[in-house]
Structures are given as C-alpha cells and as structure tokens.
Amino acid sequence: MRRYSIFAVAREALRYHSGWEKAWASPEPKKRYDVIIVGAGGHGLATAYYLGKVHGITNVAIIEKGWLGGGNTGRNTTIIRSNYLQDPSAAIYEKARSLYEELSADLNYNVMFSPRGLLMLAQSEHEMRGYKRTVYANNLQGVETRWIERDEVKSLVPILNIDGPRYPVLGALYQERGGTARHDAVAWGYARKCSAMGMDIIQNCEVTGVRTARGKVVGVNTTKGEIDCNKLAMVVAGHSSVLAEMAGFRLPIESAALQAWVSEPIKPTIDVVVMANLVHGYMSQSDKGELVIGGGTDGFNNYTQRGSWHHVEQTTRALVETFPVISRLKMLRQWGGIVDMTGDRSPILSKTPVEGIYVNCGWGTGGFKAIPGSGYAMAELVAKEYSPLAADFSLKRFKEGQFIDESVAAGVAH
Amino acid sequence: MLTLTCPCCGVTVEETELAPGGEAHLKRFGPGSSDEEFETYMFARKNPKGVHFERWRHAYGCGKWFLTARCTATLEVFGSYPAQTTEPPAELIAKIKEKRPGWEGYK
Ligand SMILES: Cc1cc2nc3c(=O)[nH]c(=O)nc-3n(C[C@H](O)[C@H](O)[C@H](O)COP(=O)(O)OP(=O)(O)OC[C@H]3O[C@@H](n4cnc5c(N)ncnc54)[C@H](O)[C@@H]3O)c2cc1C
Ligand SMILES: [Zn+2]
C-alpha cells in the first residue's frame, strides 16, 4: 500500500492521477478464517483494525451484505462527544474521542476530525441541574467539559435565540474538544488499513446462517457459500437481532428508524455543534455548508430505513424556533438508518451464550463517536476474552440489573 | 405515515394519534420467578425482520390498548385486534400466511 502524502499528490498531479491504487482489495472468500466479523460498518472495521494492529491477528474476514460503510456509519450526523454521565460510558467514549484526535495520522487517511466544540443547551431548570451534574461527573472522570452561562453560549453561537420565549436558554454543557468527523472517511480509512494488513473485506455477501456444533461456533453460511471460523463477531447494528436469531439466542435490542436531513448549502453560519435536547433537535454545519439536522427515533420496530414524517416536522419546527435565521432555508435531502436500541441506551460488547460468538451492538443513535474506542475494546475482547473497557457492557447486566443508564443524560438521538 | 385501525372505537388513524407499546403477547413474570425468566420478560425481544405482533395505544382517541400485526421489513399492516387475548386470531394468522408464504408462523 502506498502512503498518501503531499508528495504523492504532487507526483500524481504530474501524471494525470494515473498512479493511485485501489484503496482496498475485493477478494473472494477463503474457506476458513481465525476471526470472521459480520458487518463492515465503522465498528466492524475498527474491530478488525485493532485485532491486527494491537493483537497481531490478521487472518480475518469482514463480511458485508451491502457496501462497506453503507449502514448507519454512512447515514449519521457525525457528532463526536464523550460528555456522558456514567463512568463506564465516559471511559469508552473518551477513549474513542481521544483516538479520533490522532486517527488521521494513525490511518494515513484524512478523517477530517473537527473538534469544533459541542454545546448541549439547558432550556429548563431540570436540564440545567442535570448538565451541571454531568460536568461534575466528567471532571471526576477526566473528561474535559464545563458549564457555561448564557452570555458565553450566545457569543459562541450568535444565531441562537436565547430568549425563548417558550424555552429560554439558561446555559450549556460545553465540550470544547467535541465535534464532528467525516463518516465515510472513517470507514474507508479503516478498510484501507485492514486490507493492507491482509484481511479480506468481502462486500455484497450476506450472512444467512450461523453454524454451531456442541455450543460452539463453526462458521457462517453466506450468499457466497460456507465460510468457517474459530471466532465470530457480530457487528451489525440494526440487524443484531436477526444475526442472533441465526445463532439461536435473543438480544435486548429493538430496531427502529432514525432520520437526519440537510439544508441547502449556505455560507459559514455556525462553527460549533448545538444540541437542544429539550426541544429534540440538533444542528451543525458541514464543510460543504449544509446544515446537518437530526432529531428523535421512531417508537416502533422497523427495518425499512424509512422514518416517520412527523419527526422531521417536529424537529425542524423546534430548530426554527431555536435558530430563527434558518426559517427560510430549503431542506435538500432526508434519509434514515436502522438503529439498535437497548433499554438503558448503552451498548453491548459481550460474549454470548454460544462459545466463540461475540456481539458488539446497541450503539443505537450514538455510536459513530464511539467507533475507535469500541473497535479497540472489541478487538481486545475477541483476542483475549476480556477487555476492561467492555466489561461493564456485557449482556450479563440485563440479568443482574447493572444498567448503565444514559437515557436521561442523552435525551435526544445523536 | 403509518395508519392503523383501532378495534375499540373502529376508526382508522395515523400514527401521531397513537402510542407504540412494543412486542405483544409477552408472558409476564413477577416476584418469585427466576432471574432468567424475569430477564427474558423484561428485555429479550424477538425484534423480527418481518411479521411482528405489537401493542399500540389509541392515546389521542379512545385511550385503549390494542394489538396489531405488521411487517417490519415493508411497513405493511396485516390487521388489528383487541388486547384482551393471549394470541392472535386464527383468521389474521391465515391472512398473513397467505401474504407471506415463507413465514414461520406465530411464536
Ligand atoms: C440518522 C442517524 C444519525 C446518527 N447520528 C449520530 C451522531 O451524530 N453521532 C453518533 O455518534 N452516532 C450517530 N448515529 C449512530 C451511528 O450511526 C451508529 O451507532 C453507528 O454508525 C453504528 O455503526 P456500526 O458499524 O455498528 O453499524 P453499521 O454502520 O450499520 O454497520 C453494520 C453493517 O452490517 C451489515 N449487515 C447487516 N446484516 C448483515 C448480514 N446478515 N450479513 C452481512 N452484513 C450485514 C450492514 O449492511 C451494515 O453495513 C446516527 C445514526 C443515524 C441512523
Ligand atoms: Zn380507539
């Protein structure tokens, strides 16, 4: 694999860009792998990458039914933050956020990480108390966040209407090193490195069955035939219940549609990410100039990647009230993804009832920010059977009642 | 937009008038049950890609709960029936089987 660099750009500029290689190979599957990962989203690819980089396991296949990064990884609004309330969440999300800081250099691929700052607006007394509590928790966890008063909020976001009248802004939870990244680039960067390490990324290949013998995984059936493995990692987000069913167990997961949409591109208007959880909307501006907007999840089980219209209406209405200047913008396009929701709104990184099968799912509406940390922890879990970062996110917590409750802290989908 | 017919008051309404209530026909376990039974009742869900039996409440109408069979892969609605039953009515099962020949059936 040739390195990307300023010299490579200059060299290619001189020869009509004829020398760029394919970023990753598209091999036919082998008969057998040490580890098969189902799902080439960010989490599956990152798991593969750290398996190779940290644990030296490279006889790995990543099997994807569509195209890599075509699931939620390519459909999200790219918000990155680690201002969660509970200690296990702070640990894994902050690990992820800190890996994002170096990710472009590590992957030799520009993931356009932009730590532009992120604000969660407090628009009620209750929210204000909640966010102050989060700030105290974050300070103890070593996550850098602070509470800012409304004047500072207004100076960071001049287009914000802080006076209400319905929901005046009382202040905000501010994470200065939160922000966004380029979602496709995260998937592509990991894929390129995995391919360079000799791993097989097999696209347009659906896993249709899981084979087990005496309680242990043997391999998978796919639309490209049977493939054997020692270990199997299911990293399929909204399709986790479908994969689990193939292996004969159930998960505490429900799949639902979450949507996002973008406006026509405009001049730079807002250079931070703003989340207004009370009114259920959030907004940032992409490098192309589009305002990127998201809101809430549908309440019913759904695999269609099509969400309900009234969520678009409600969120847009709320944001027009929050940012009056956007009221005459046209919305360009809207799309949906299928998110994997758990009851405590925290992910699952766990062994399963079947020996050799591991799951990484339940990231729901907020797993883009977690990709590097999740992949790091999942690789450790698969390679060594234990990962300190993943330990609290095991399936056992549902039986033991050891929930990692982030449902109040998160409030809105992001 | 999803539209369902409430079997209690007979009107067909859009989803903004309804509140979703998750998987139907769960067997309840309470005090005295094992950890496994309680965990299964509370959390383990079928969450199928296909035919799903689910609870809805006509929240901004008659206020009553009812049950619906719906396809989560296409959003096609097969029908609704009253909540006072432990399993889907036979006619509804037959109707679904006709539309989804490959369906493994209820349970
Ligand atoms: C609209 C929207 C906005 C969001 N906004 C944010 C945000 O701002 N910040 C944030 O942190 N998170 C956000 N998220 C959540 C985030 O996108 C997800 O948590 C994350 O991308 C999940 O990554 P993944 O790799 O687990 O899943 P995916 O990227 O969905 O990858 C799973 C892959 O598995 C494949 N697959 C499924 N079944 C099979 C099979 N049988 N065989 C082979 N392959 C299979 C799928 O095709 C898919 O490519 C948002 C999500 C949505 C939908
Ligand atoms: Zn009714």
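Going by what an unreviewed UniProt entry lists, chain B is known as Sarcosine oxidase subunit delta and is assigned to Rhodobacter aestuarii.

Chain A carries the name Sarcosine oxidase subunit beta in an unreviewed UniProt entry, which gives Rhodobacter aestuarii as its organism. The Subcellular location (unreviewed entry) comment attached to chain A in UniProt states, word for word, "Cytoplasm". What UniProt records for chain A under Sequence similarities (unreviewed entry) is the sentence "Belongs to the SoxB family."

Draft legend 1. View of the overall build of chain A. Counting secondary structure elements, chain A contains 11 helices and 18 strands. For 414 residues, the compact-globule estimate of 2.2 N^0.38 gives 22 Å, and the C-alpha radius of gyration of chain A, at 21 Å, lies within 12% of that figure. By the burial criterion, 58% of the 414 residues in chain A qualify as buried. Considering only contacts within chain A whose residues lie at least 6 apart along the sequence, 75% involve residues at least 24 apart. Computed over 46 positive and 41 negative side-chain charges, the separation of the two mean positions in chain A equals 4 Å.

Draft legend 2. Molecular detail of the UniProt feature "domain: Rhodanese" (unreviewed entry) in chain A. Feature annotation in UniProt assigns "domain: Rhodanese" (unreviewed entry) to the following positions: residues 35-79 of chain A. The distance from the first to the last C-alpha atom of residues 35-79 of chain A is 30 Å, and the span holds 31% helix and 20% strand.

Draft legend 3. The packing of aromatic side chains, seen in detail. The tally for this structure, following the rule as stated, stands at 17 aromatic pairs over all chains. Aromatic pair Phe300 of chain A and Trp56 of chain B: ring centres 5.8 Å apart, planes at 45°, arrangement tilted. Placement of Phe300 of chain A in the loop between β15 (291-297) and α8 (309-322) and of Trp56 of chain B in strand β4 (residues 51-57) is noted, with the two residues assigned to different chains. Grouping aromatic residues by their ring pairs yields a cluster made of Tyr49, Tyr50, Tyr190 and Tyr376 of chain A. Across from the ring centre of Tyr376 of chain A, 4.0 Å away, lies the NZ or CZ of Lys95 of chain A, which sits over that ring. Arg55 of chain B extends its terminal NZ or CZ atom over the ring of Trp65 of chain B, reaching a point 4.3 Å from the ring centre.

Draft legend 4. Quick peek at the pattern of salt bridges. Residue and element names in this part refer to chain A. With the rule as written, the count across this model stands at 24 salt bridges over all chains. Between Glu176 and Arg146 there is a salt bridge, with the nearest N and O atoms lying 4.0 Å from each other. With Glu176 in the loop between β6 (171-175) and β7 (179-180) and Arg146 in strand β5 (residues 146-149), the pair connects residues that are 30 residues apart, well separated along the chain. Salt-bridge contacts for Glu321 lead to Arg166; the nearest nitrogen and oxygen are separated by 2.9 Å.

Draft legend 5. Broad picture of the domain arrangement of chain A. Residue and element names in this part refer to chain A. For chain A, the domain assignment lists domain 1 (6-13 + 28-78 + 183-252 + 344-400) and domain 2 (115-179 + 255-341). In this structure, domain 1 and domain 2 have C-alpha centres spaced 29 Å apart. Of all residues in domain 1, Arg75, Thr77 and Thr365 give up the largest surface area on contact with domain 2, accounting jointly for 43% of the area buried on that side. Where domain 1 packs against domain 2, one counts 0 salt bridges. Our count for the domain 1 to domain 2 interface comes out at 9 residue pairs in polar contact (both at pLDDT 80 or more). Here the side of domain 1 that touches domain 2 gets 3 residues from one element, more than from any other, and that element is helix α7 (residues 240-247). The class makeup of the residues in the side of domain 1 that touches domain 2 is 5 nonpolar, 10 polar and 2 charged.

Draft legend 6. Structural view of the coordination of the zinc ion (ligand 2). Residue and element names in this part refer to chain B. Those protein atoms acting as donors to the zinc ion (ligand 2) are Cys6 (SG), Cys9 (SG), His58 (ND1) and Cys62 (SG), and they sit at 2.0 to 2.4 Å. Taken together, the 4 donor atoms coordinating the zinc ion (ligand 2) span angles of 99 to 118° at the metal, a pattern that classifies the geometry as tetrahedral. Mapping the donors of the zinc ion (ligand 2) onto the primary sequence gives the spacing C-x2-C-x48-H-x3-C. Note that Cys6 is positioned in the loop between β1 (3-5) and β2 (12-14) and Cys62 in the loop between β4 and β5 (65-71), a separation of 56 residues in sequence. Taking the relative accessible area as the measure of exposure, Cys6 reaches 0% and is therefore buried.

Criteria and cut-off values
- As a convention, each chain's residues are numbered from 1 in the sequence order in which they are written.
- Chains and ligands are labelled sequentially in the order written, the chains with letters from A and the ligands with numbers from 1.
- Restriction of local features to residues with pLDDT of at least 70 applies here, the model being predicted, together with a cutoff of 80 or more for giving and counting side-chain atom pairs; totals for whole chains, interfaces and linings are based on all residues.
- To get the side-chain values, all heavy atoms of the structure are used, and hydrogens and water are removed first.
- UniProt positions are given in the numbering used here, feature names are shortened, and annotations may be inferred rather than shown by experiment.
- Only DSSP runs of H or I reaching four residues or more are called helices, and only runs of E reaching two or more are called strands; each is numbered from the N terminus.
- For a compact globule the rule gives 2.2 Å times the number of residues to the power 0.38, and the radius of gyration it is set against comes from C-alpha atoms.
- Note on classification: 1.4 Å probe, protein chains only; a residue is buried when its accessible area is under 20% of the maximum for its type, exposed when over 50%, partly exposed between these limits.
- It only takes one pair of heavy atoms within 4.5 Å for two residues to be counted as in contact.
- Asp and Glu count as negative and Lys and Arg as positive, but His and the ends of the chain are not part of the count.
- In this description, the location of a charge corresponds to atom NZ of lysine, CZ of arginine, CG of aspartate or CD of glutamate.
- Aromatic rings from Phe, Tyr and Trp, taking only the six-membered ring of Trp, are treated as a pair when their centres fall within 6.5 Å; an angle between ring planes under 30 degrees marks them as stacked, one over 60 as edge-to-face, and anything in between as tilted.
- Any Lys NZ or Arg CZ found within 6 Å of a ring centre and within 35 degrees of that ring's normal is scored as a charge over the ring.
- By definition, a salt bridge exists where a carboxyl oxygen of Asp or Glu is found within 4 Å of a side-chain nitrogen of Lys or Arg.
- Those domain boundaries reflect an automatic or database domain assignment.
- In short, buried area is how much 1.4 Å probe accessible area vanishes from two parts on joining, totalled over both.
- Identification of polar contacts relies on pairs of N or O atoms within 3.5 Å, with a donor-acceptor requirement for protein atoms, meaning one able to donate a hydrogen and the other able to accept it, and with residues adjacent in sequence counted only if both atoms are side-chain atoms.
- Note on residue categories: nonpolar means Ala, Val, Leu, Ile, Met, Phe, Trp, Tyr, Cys or Pro, charged means Asp, Glu, Lys or Arg, and polar means any other residue, Gly included.
- Only nitrogen, oxygen and sulfur atoms count as donors, using a 2.8 Å cut-off from the metal that widens to 3.2 Å for Na, K and Ca. Water is left out, so coordination shells may look unfilled.
- The geometry test gives tetrahedral to four donors whose angles all lie between 85 and 135 degrees, gives square planar to four donors and octahedral to six donors whose opposite members are over 155 degrees apart with all other angles between 65 and 115, and gives irregular to the rest.

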